[in-house]
Amino acid sequence: MADAICRVLRDGALEGEHATSLTINDSIHSPFGPIVFDYIFTQLSSFISSAKSQSRGIVLVKFSSSPSFTVELLKARGFDIATSHEWLRVLDCYSDPLGWKERLKDRGAIKSPLTEASPNVSICKDVRNLNDLFSMVLALGKELVGDGKNRFSVAIDSLSEMIRHTSLSSVACLLSNLRSHAQVSSIFWLLHSDLHDMKAAAAFEYMSSMVANVKPPTTENTDNFSLLEQNYKRGHFHASLKRRNGRVRVMREEFSIDNSLIKFTSVAAGENAVAQTLVPKVQFNLQLSDKEKSDRAKVVLPFEHQETGKSVQIYDGRKPGTHELEVEKSKKHEDSGRGEIIYFRDSDDEMPDSDEDPDDDLDI
Amino acid sequence: MNRPTTLLDDALSFDDGESNSRRPQNGRVVLVEDCVETSGAFVLHHLIKRFLSPNVSSSDSIVLFVAFAQPFSHYDRILRKMGCNLAAQRENKRLLFFDMLMLECPDDDVEGGLIALFGNIQKAVEVNSSNKNITIVIDDISLLEVATNGSTKDVLNFMRYCHTLTTQFGCTIIIVLHEDIYSSGDGFTFPLQLEYLADIIIKTEPLITGLAADVHGQLTVLNKGTLDGFRSSKGKIHNFHYKIKENSVDYFYPGSRS
């Protein structure tokens, strides 16, 4: 389903419509928003770099980590860094968001350069001015795709930082401007929803055509430490896709973090996997094959009513005269190939329910 | 390494992070959250001693101590009891002590004051950054907030800038935060912001079950691991009790002591 979201972002916007947009919400109890963000970013990047998507390039606005992190991430995911300048621009709002370092450098207090120079990266030195930020994003996008009809994607990590520096309304204005720009194909952003009011999350959800919520696997109180630890390995991924006609498709998935890779599994499949792993690993076979299962289902159990309308005569020791009938019946059943349980009492001397202790003769 | 490790050291697992590779590791942000009943100062002392102790694998690690809470003599006395001579470390430049007790940002230019402070820190880091692990200790962030006349926004900006030092120079940052002075629920998100920023959160709390003579409180160490998507390190939570003794601290799992 996460892949469904990536596909929608890949397909981009229709002519005369807003760009498709995705909000990723997370909270401190399940802080996997950045990982989901990176996952979607790399998926979309691979579509873009292989020219399978509507957009021809992606502009990444980075508030929460340095551009070198993005380079490492792309390297780790097998992208060719040398050619990445053809489709990737990073707007670095992390290294010097308020221009402090520049001021200190002008005064001679500090010396080292902000980051290693790279053709992909440009630094934003005043994130409080969102108008400039907007035009920088556009300029970077146009660098990638030119002025024509080609489109590009925008990724913002994270809005929470942006809101902290400015205000909700100005961030909303920026997003809405980006979304309605003719050259933007798709846009997605990350929001730490517990840092803001409900209204902030709601405002961004209205502006997005898809919402993905990253939630902890358990919503119960988090005093239990083993449960709490689970929150840092697994989680739920709830996504809703808004159609143009107003219909909303809601999907749920589970994800697990394995070896720092995120894996999505549909909920049903996840439950099945749990059931299978419950069987302990032993040397002998505890599971039945399909044939064994169907054979087992065919066995007629010695109940009087077999739900076939007829009652089955079972020799119960009360009528010694019916022995022949029983044998006849067993013959009949041999032809039918069905399994059944045939029970002959050893002797008719004794009533089945006698009070006598059956183990009386044992010498213990 | 034969150094006896405590549960706290295990929980922090700094070692495996350092021995992994030679390429510059991104530093981590450690947040020590405490409350009035259980002060987190002992965690801070433990960490300082650890980073200054001579048998840390990288012997040339430097601690940059930005102190808002106590004067140097206070830390010196405590650490001396624990077997670590701060004055000597200061002599041989392994401890850089920034006495910020008197810091007061001017009312009209809070940001300017913080820029100057950050400039001093980065300057010190730049001078010492060659092949050395630098640990920046801020004790404590609440008093920094007081010094800035309660402007949490500027403090957060300052912390963000400090965070850039972790990626640029591989510094480790240790912050002390008094969590209980921030009432939760009214949308006040300062501690939460710092929790997002931190990689390791160490929380000291009194026992849920009440006071006990043999246990002074419980520690919860939440190691988010490196959740950065390509380095494998799993998030872990450790929970154990502690008892502060005259010059050391005992850490033990709940129920393992009568």
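Each remark here, short or long, concerns the structure printed above.
Reading the values: rules and limits
- Residues numbered from 1 in each chain as written.
- Chains lettered and ligands numbered in written order.
- Predicted model: local features only at pLDDT ≥ 70, side-chain atom pairs only at ≥ 80, totals over all residues.
- Heavy atoms only, no water.
- Helix = DSSP H or I, 4+ residues; strand = E, 2+ residues; numbered from the N terminus.
- Buried < 20%, exposed > 50% of the residue type's maximum accessible area, 1.4 Å probe, protein only.
- Contact = heavy atoms within 4.5 Å.
- Salt bridge = Lys/Arg side-chain N within 4 Å of Asp/Glu carboxyl O.
- Polar contact = N/O pair within 3.5 Å; in protein donor to acceptor, adjacent residues only side chain to side chain.
- Nonpolar A, V, L, I, M, F, W, Y, C, P; charged D, E, K, R; others polar.
- Expected span 1.5 Å × (residues − 1).
- Arc of directions from axis to C-beta.
- Pairing = 2+ DSSP bridges.
- Axes fitted to C-alpha atoms, helices over the stretch in contact; angles between N-to-C directions.

Novice: Got a sec to walk through the overall build of chain B? Specific residues and values, please.
Specialist: Helix and strand counts for chain B stand at nine helices and nine strands. The burial tally for chain B puts 57% of its 258 residues in the buried class. Contacts spanning at least 24 positions in sequence make up 69% of the contacts within chain B whose residues lie at least 6 apart.

Novice: Any details on the interface of chain B and chain A? Residues and values, ideally.
Specialist: In this complex, chain B contributes 41 residues to the contact, which on the side of chain A involves 46 residues. Put simply, chain B and chain A have two salt bridges between them. For Arg160(B), the salt bridge is made with Glu161(A), and the minimal N-O distance between the two is 3.2 Å. Between the two partners, chain B and chain A, sit 15 residue pairs in polar contact (both at pLDDT 80 or more). Looking at the side of chain B that touches chain A, the elements that each hand over two or more residues are α6 (110-128), α8 (152-168), α9 (190-197), β7 (217-223) and β8 (236-244) of chain B. Sort the elements by how many residues they give to the side of chain B that touches chain A and α8(B) lands first, with twelve residues. When the residues that make up the side of chain B that touches chain A are grouped by side-chain class, the tally is 13 nonpolar, 15 polar and 13 charged.

Novice: Could you give an account of helix α5 (residues 130-145) of chain A, with specific residues and numbers?
Specialist: Residue and element names in this part refer to chain A. Taking 1.5 Å as the rise per residue, α5 with 16 residues should run 22 Å; its terminal C-alpha atoms sit 22 Å apart, in good agreement. Taken together, the buried positions of α5 are occupied by Leu 130, Leu 133, Phe 134, Val 137, Leu 138, Leu 140, Gly 141, Leu 144 and Val 145. Along the axis of α5, the buried residues cluster in a sector spanning 160 degrees; they form a single face. Exposed and oriented more than 90 degrees from the buried face of α5 are Asn 131 and Glu 143. The inward-facing, buried residues of α5 contact β2 (55-62), β3 (88-92), β4 (121-123), β5 (151-157), α6 (159-165) and α7 (168-180). The residue sitting at the N-terminus of α5 and contributing the capping side-chain oxygen is Asn 129; that oxygen lies 3.2 Å from the backbone nitrogen of Asn 131. One or two residues past the end of α5 sits Gly 146, with phi positive at roughly 80 degrees.

Novice: Let's hear about the sheet that holds β5(A): which residues, and what values?
Specialist: Residues and elements named next belong to chain A. Taken together, ten strands build an open sheet; the order of strands is β4-β3-β2-β5-β6-β1-β7-β8-β9-β10 and the sheet is mixed. Because the sheet does not close on itself, it has two edges, and the strands there are β4 and β10 (261-266). Going from strand to strand, the sheet's axes swing by 20 degrees on average, the running direction of each strand aside. Pairing geometry for β3 and β4, over three bridges, is parallel. Along β4, the bridge assignment pairs Asp 92 with Ile 123.

Everything listed here is a matter of coordinates, which is why it stays silent on function.
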